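# An overview of the molecular structure
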Amino acid sequence: MQLVDLSHSIENGMITYKGLPAPLICDYLSREESKTRYAPGTEFQIGKIEMVANTGTYLDCPFHRYADGKDLSQIQLEKLAELDGILIDVENKQSIGKEFFEGKNLNNKAVLVNTGWSKHWRNDTYFENHPFLTEEAATYLANQKVTLVGIDSHNIDDTRTNTRPVHTTLLKNEILIVEHMTHLHLLKGKSFIFSAVPPKFVGVGTFPVRAFAKVL
């Protein structure tokens with residue numbers, strides 16, 4: 001069995017989404033300070049993290065888009081872990097239409113879209129003219145009753161406009177979204193099981209995940 005890590009590391013000061021603040025990762029209790037609280041030779045570090053939920057590789061659930069949608073605490077584990085996966089390889093293509101998904105068995109699957117865009121991660125190029133799914137593709141995926149859609153791009157929608165039809169369509173149908181993935185090319189030609197599990201927050205619609213695939 002091989003596990004493939006499909007997540008970016010989260011670092012202090014890292015920008016995931018232009019316009020949103022970078023995470024602050026620091027000590028709440030440093031090892032040096034802990035020496036004053038514990039017996040000699042006993043040291044601990046307690047970290048402090050301050051960040052927006054859209055940081056790193058993250059999962060969107062319906063509450064992200066809809067006030068009455070399910071939040072992270074309401075999503076069943078069966079929709080997050082041990083999902084049959086399928087890779088859609090669409091490198092060097094900006095607008096990804098339904099034709100790339102037609103004729104494939106997608107029902108109840110985690111559909112991961114490999115665009116190759118993660119090579120621009122933490123570079124200004126990452127934010128501009130990135131690959132995205134069309135509204136028609138989102139409607140097709142919803143009709144195929146997929147469980148989750150992931151992409152290794154800046155956004156699953158076209159950010160050149162202020163509409164978000166892919167988020168709107170998928171999350172309305174309780175289809176989860178994982179954005180800012182990486183290493184999807186390692187799944188080419190392989191059968192795999194996919195997992196991306198966030199913490200169980202109430203009142204939150206997006207949060208970082210450790211997304212990974214188990215190659216069969």
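Higher on the page you've got the structure.
So, here is what we can say about the structure in this document. (Residues numbered from 1 in each chain as written. Predicted model: local features only at pLDDT ≥ 70, side-chain atom pairs only at ≥ 80, totals over all residues. Heavy atoms only, no water.)

## Some points on the nonpolar core
In this structure, Leu-6, Leu-59, Leu-112, Leu-148, Met-181, Leu-187 and Phe-194 are the most contacted members of the largest nonpolar core, which totals 25 residues. Secondary-structure elements contributing two or more residues to this core are strand E5 (83–89), strand E7 (110–114), strand E10 (176–179), strand E11 (192–195) and strand E13 (212–215). Contacts of Leu-187, omitting those with residues within four sequence positions, involve Val-4, Leu-6, Leu-87, Leu-112, Phe-192, Ala-213 and Val-215. (Core = buried A, V, L, I, M, F, W, Y, C linked by side-chain atoms within 4.5 Å. Buried < 20%, exposed > 50% of the residue type's maximum accessible area, 1.4 Å probe, protein only. Helix = DSSP H or I, 4+ residues; strand = E, 2+ residues; numbered from the N terminus. Contact = heavy atoms within 4.5 Å.)

## Overview of the side chain of Asp-71
Its location among the elements puts Asp-71 in the loop between strand E4 (58–60) and E5. Although Asp-71 is buried, it forms no salt bridge, and the closest oppositely charged side chain is Lys-200 at an N-O distance of 9.2 Å. Looking at Asp-71, its side chain comes within polar contact range of the main-chain nitrogen of Gly-203, at 2.7 Å. Among residues more than four places away in sequence, those in contact with Asp-71 are Cys-61, Phe-63, Phe-201, Val-202, Gly-203 and Val-204. (Lys, Arg positive; Asp, Glu negative; His and termini not counted. Salt bridge = Lys/Arg side-chain N within 4 Å of Asp/Glu carboxyl O. Polar contact = N/O pair within 3.5 Å; in protein donor to acceptor, adjacent residues only side chain to side chain.)

## Overview of a nonpolar patch on the surface
Nonpolar side chains collect at one region of the surface, where Ile-10, Ile-25 and Ile-49 lie side by side and expose about 250 Å² of accessible area between them. Locating Ile-49 in the fold gives a position in strand E3 (residues 46–50). A relative accessible area of 60% places Ile-49 in the exposed class. (Patch = residues over 30% accessible without salt bridge, like charges linked within 9 Å, V, L, I, M, F, W, Y side chains within 5 Å. Areas by Shrake-Rupley, 256 points an atom, 1.4 Å probe, with all protein chains shown as cover.)

## Things to note about helix H3 (residues 165–172)
Of all the residues in H3, the buried ones are Val-166, His-167, Thr-169, Leu-170 and Leu-171. Tucked into the core, H3 has its buried residues touching E4, strand E8 (132–133), helix H2 (135–143), strand E9 (148–151) and E10. With its phi angle positive at about 60°, Glu-174 sits one or two positions after the end of H3.

## Notes on the packing of H2 against H3
Their axes nearest at 8 Å, the elements H2 and H3 cross at an angle of 10°. When the axis of H2 is compared with that of H3, the two are roughly parallel. In this structure, H2 uses Glu-135, Ala-138, Thr-139, Leu-141 and Ala-142 to contact H3, whose residues at the interface are Pro-165, Val-166, Thr-169 and Leu-170. (Axes fitted to C-alpha atoms, helices over the stretch in contact; angles between N-to-C directions. Parallel < 35°, antiparallel > 145°, perpendicular 65-115°, else oblique.)

## Here's the deal with the pattern of salt bridges
Throughout the structure, instances matching the rule amount to 13 salt bridges. Glu-11 is the partner of Arg-122 in a salt bridge, and the nearest nitrogen-oxygen pair spans 3.4 Å. One end of the pair, Arg-122, is in the loop between E7 and E8; the other, Glu-11, is in the loop between strand E1 (2–5) and strand E2 (24–29), and 111 residues separate them in sequence. For Glu-11, a relative accessible area of 43% gives the class partly exposed. Lys-35 is paired through a salt bridge with Glu-32; the nearest N and O atoms lie 3.2 Å apart. A residue is classified by how much of its surface remains accessible, and Lys-35, at 41% relative accessible area, is partly exposed. Each of Glu-32, Lys-35 and Glu-43 takes part in salt bridges that share partners, so that together they form one network.

## Some remarks on unusual backbone geometry
Unusually for a residue other than glycine, Asn-129 sits at a positive phi of about 55°. Note on placement: Asn-129 falls in the loop between E7 and E8. Unusually for a residue other than glycine, His-180 sits at a positive phi of about 60°. One can find His-180 in the loop between E10 and E11.

## Remarks on H2
For H2, the full list of buried residues reads Ala-137, Ala-138, Tyr-140, Leu-141 and Ala-142. The inward-facing, buried residues of H2 abut strand E6 (95–96), E8, E9 and H3. Note on H2: the residue one or two positions beyond its end, Lys-145, has a positive phi of about 55°.

Structural measurements only, silent on function.
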